[in-house]
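# Tertiary structure, described
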Amino acid sequence: MALPQAKLDATETRLAAMALPSGGAWITAARDAALARVREMGLPGRRDEYWKFTRPDTLVEPQAPKAALFSHDEGMPFDDMDRVRVVFVDGVFDAAASDDLTAAGIEIERLETAAAQDIHWARDLYGVLEEKGQYPVMRPLAALNTAYATDGVVIRVTGKAEKPVSLIYRHASETSDAILHHVIKLEEGAELTVLENGPAAARFNKVMEVEVADNAKFHHVRTQGRDHERRAATHIFARLGTESVFKSFTMTVNGVLTRNECVIELTGDDAVAHVAGAALGDGDFHHDDTVFITHDAVNCESRQVFKKVLRNGATGVFQGKILVQPGAQKTDGYQISQSLLLDDDSNFLAKPELEIYADDVACSHGSTTGAIDEDMLFYLRARGVPLKKAQDLLVLAFLAEAVEEIEDEPLRDHITIRLQGWLERHSH
Amino acid sequence: MLEIKNLHVQLEEEDKKILKGVDLVVEPGKVHAIMGPNGSGKSTLSYVLSGRDGYEVTDGTATLDGEDLLEMEPEERAAAGLFLAFQYPVEIPGVGNMTFLRTAVNAQRKARGQEEMSSTEFLKVIREKAKELKIDAEMLKRPVNVGFSGGEKKRNEILQMAMLEPRMCILDETDSGLDVDAMKLVSDGVNALRDAGRGFLVITHYQRLLNHIKPDVVHIMSDGRIVKTGGPELALEVEENGYADILGEVA
């Protein structure tokens, strides 16, 4: 089907402003194929149903809009943790700022190193999970990423990784336009935690493809904060094997435009996938969580828990879907998206979806929007807790269900403290 | 200590007068009880004193140790030493009971210019007081009042009172929903707090609570006014003859 002229023009204008990176044979083939996908789908436009609540214009236009660098004296996330640091500055790997990757105890290398080799395990994943995730809903920005990503890491874990891998994205130029693509493979029984933080660039397009083999466990904790003017479109594509576990949590504060897509396919029986998010938005904050979980095996469990606190005209979006394929019996699917609106100017737009083709499943979903409970507020104040502190306590309590999805207790406490810090810096 | 003069209150949303000239003085070390039929304005009095929204004071004053309560925010009243044990304690999912209490204790200390309590000291004190009220460690860890039985909620109110050590305690229908054993626990908790410097205002519909918490003065409230004041014998009179007799007598 031919693309509408406007979409075709927007797509070609963007592509004309970019150059395909060079690499070995396998990655060149993957990039070419991805480019063909972009041309076939066209980049997102504001009339696309999947972008009904979030305007993609600034993510698509050739030039990244400027984003001022912002700093405050609060320490960076995960600073006090023992981890393998992998630093990118405006989307470019910074070896000097990173830890020695050869000493990490796991297989971890730069994308371009893997791309230069004739044979590499990453070939079977790079762009493969992304392509699979294009159906039944198109995600053209992810295909654009596969075609044009200039950097990233590929990680393979066979046992239990000793330390988390911490991907740190620094933003140094007001006009940087970064595209990163990571590929992560957890072999049978492997365990890995990946941390992500930092504003990355003025505009950031990131894809993470994760293969979680049988009995493997993948944990992901991400913070998105600081530079408010940054724009980001991120995708996670994950494929889960038998009895594997995938748990991802994202904390988002600040940001004029963030779209986080998470596409998960449960392909092995008894697999577990949890995706959660806690977002705090103030003013011209726009945050979009778009999740698509496909159950394609028996007795799998999936949970989506998304909480947003919005004020001064901030906007939160949730598009979440559970698709249960024929034969995916005993599926246990749960989805909740809730917003706490601290004033009348803020917006929460939610589109929860269930599509079920098996008859022996338990799926539930709910979405609510509300204000701070006056009775709770009065109860706290009547005990001497000042208004602002009482509101903060109730905001944290509201977010707790999402934060509790983080399994690791020190990480969970760390995130709670950061959320508290943000609340203390922002007056109601 | 607590002085209420000619207090007139109506609902903010509608033109409905609830309190129509309440006069009351509670002295330090004394327990005053307010009894009265449903709808007489007893609970409204407790809410207005503690600063709940939705009420408009049209006339009169309420002071605590000479300070104007009605001008203060609810948290300022608490820091000044006022405590309301709620008739219906609120459930707060996601806020741990212990976190809540520690925040409250330290916020009040801070407001009074006192040093905050360290977590070790706090733990020691709360464990002691919780034990007396038969509140186990599990209940302290749970979110505030979530999943608590009626009796557990009321015991939790008294624990908060014991931790915050207010000067003036208002108990709003603390006996409602309590069985005999729970009533005894709660009353023992209250009685343990009685001392020469602390005043109590016990609001109740029934006399039975007053068997456990012995009042010095009993007031009968009706239609937004205190219509009769007497000693503990007044409560027994209500128990025996109901409110109708007394109200008929004053009318």
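Thresholds applied
- Residues numbered from 1 in each chain as written.
- Chains lettered and ligands numbered in written order.
- Predicted model: local features only at pLDDT ≥ 70, side-chain atom pairs only at ≥ 80, totals over all residues.
- Heavy atoms only, no water.
- Pairing = 2+ DSSP bridges.
- Helix = DSSP H or I, 4+ residues; strand = E, 2+ residues; numbered from the N terminus.
- Contact = heavy atoms within 4.5 Å.
- Axes fitted to C-alpha atoms, helices over the stretch in contact; angles between N-to-C directions.
- Buried area = accessible area lost by both parts, 1.4 Å probe.
- Salt bridge = Lys/Arg side-chain N within 4 Å of Asp/Glu carboxyl O.
- Polar contact = N/O pair within 3.5 Å; in protein donor to acceptor, adjacent residues only side chain to side chain.
- Phe/Tyr/Trp six-rings, centres within 6.5 Å; stacked < 30°, edge-to-face > 60°.
- Buried < 20%, exposed > 50% of the residue type's maximum accessible area, 1.4 Å probe, protein only.
- UniProt positions renumbered as here; feature names shortened; annotations may be inferred.
- 1 Å grid on protein atoms, 1.4 Å probe; cavity = no way out; pocket = protein on both sides within 12 Å on 5 of 7 lines; lining within 4 Å.
- Points joined across faces, edges and corners; volume = space filled by probe spheres on them.
- Nonpolar A, V, L, I, M, F, W, Y, C, P; charged D, E, K, R; others polar.

## Observations regarding the sheet that holds strand β19 (residues 362-370) of chain A
All names here are of chain A. The sheet built from 10 strands is open, its strands ordered β2-β1-β5-β7-β9-β11-β13-β15-β17-β19 with mixed pairing. Two strands bound the open sheet, and with one partner strand each, they are β2 (92-93) and β19. Of the pairings in the sheet, the one linking strand β5 (residues 165-170) to strand β7 (residues 191-197) comprises 4 bridges and is parallel in character. Bridging from a neighbouring strand, Val165 pairs with Val194 of β7. Along the sheet, helix α8 (residues 387-403) makes contact with β11 (245-253), β13 (272-282), β15 (301-311) and β17 (332-341), crossing β15 at roughly 155 degrees.

## Some words on the interface of chain B and chain A
With 28 residues of chain B at the interface, the matching set in chain A holds 16 residues. Contact between chain B and chain A buries roughly 1,900 Å² in total, counting both sides, with carbon and sulfur atoms accounting for 69%. Our count for the chain B to chain A interface comes out at 4 salt bridges. Across the salt bridge formed by B:Glu75 and A:Arg381, the nearest N and O atoms sit 2.7 Å from each other. Joining chain B to chain A, the criterion identifies 11 residue pairs in polar contact (both at pLDDT 80 or more).

## Brief notes about the packing of aromatic side chains
A complete count under the given rule lists 10 aromatic pairs over all chains for this structure. When the centroid spacing of 4.8 Å and the interplanar angle of 70 degrees are considered together, the rings of A:Tyr379 and B:Phe86 count as edge-to-face. Placement of A:Tyr379 in helix α7 (residues 374-382) and of B:Phe86 in the loop between β6 (82-85) and β7 (92-96) is noted, with the two residues assigned to different chains. Under the relative-accessibility criterion, A:Tyr379 is labelled buried at 0%. Here the aromatic rings of A:Tyr379 and B:Phe100 are separated by 5.8 Å at their centres, their planes lie at 20 degrees, and the arrangement is stacked. Highlighted residues: A:Tyr379 in helix α7 and B:Phe100 in helix α3 (residues 97-111), drawn from two different chains.

## Concerning the UniProt feature "domain: ABC transporter" (unreviewed entry) in chain B
With numbering matched to this structure, UniProt assigns "domain: ABC transporter" (unreviewed entry) to residues 2-248 of chain B. This span, residues 2-248 of chain B, is 40% helix and 29% strand, and a straight line between its end C-alpha atoms measures 29 Å.

## Points about the UniProt feature "domain: SUF system FeS cluster assembly SufBD core" (unreviewed entry) in chain A
As recorded in UniProt, the feature "domain: SUF system FeS cluster assembly SufBD core" (unreviewed entry) lies at residues 174-398 of chain A. For residues 174-398 of chain A, helix accounts for 9% and strand for 60%, while the C-alpha atoms at its two ends are 35 Å apart.

## Some remarks on the layout of surface pockets
There is about 1,100 Å³ of room inside the largest pocket. What lines the largest pocket is a set of 36 residues, and nearest its centre among them are A:Leu393, A:Leu396, A:Thr416, A:Gln420 and B:Thr99. Elements with a minimum of two residues in the lining of the largest pocket: α8 and α9 (409-425) of chain A together with β7, α3 and α4 (119-132) of chain B. Top contributing element to the lining of the largest pocket by residue count: α9(A), with 9 residues. Across the lining of the largest pocket, the residue classes break down as 16 nonpolar, 8 polar and 12 charged.

## Some points on the sheet that holds strand β12 (residues 257-266) of chain A
All names here are of chain A. With mixed pairing, the 9 strands of this open sheet are ordered in space as β3-β4-β6-β8-β10-β12-β14-β16-β18. Strands at the two margins of the open sheet, each flanked by one partner only, are β3 (107-110) and β18 (347-356). With strand direction ignored, the average angle separating the axes of adjacent strands in the sheet is 5 degrees. In this sheet, β18 lies alongside strand β16 (residues 315-324) in parallel orientation, the contact comprising 10 bridges. If you follow Gln319 over to β18, its bridge partner there is Lys351.

## Points about the environment of A:Asn260
Residue and element names in this part refer to chain A. Relative to the elements of secondary structure, Asn260 occurs in strand β12. By relative accessible area, which is 3% here, Asn260 ends up buried. For Asn260 and Thr234, which are 26 residues apart along the polypeptide, the C-alpha to C-alpha distance reads 4.9 Å. Of note is the side chain of Asn260, whose polar atom sits 2.8 Å from the side chain of Thr234.

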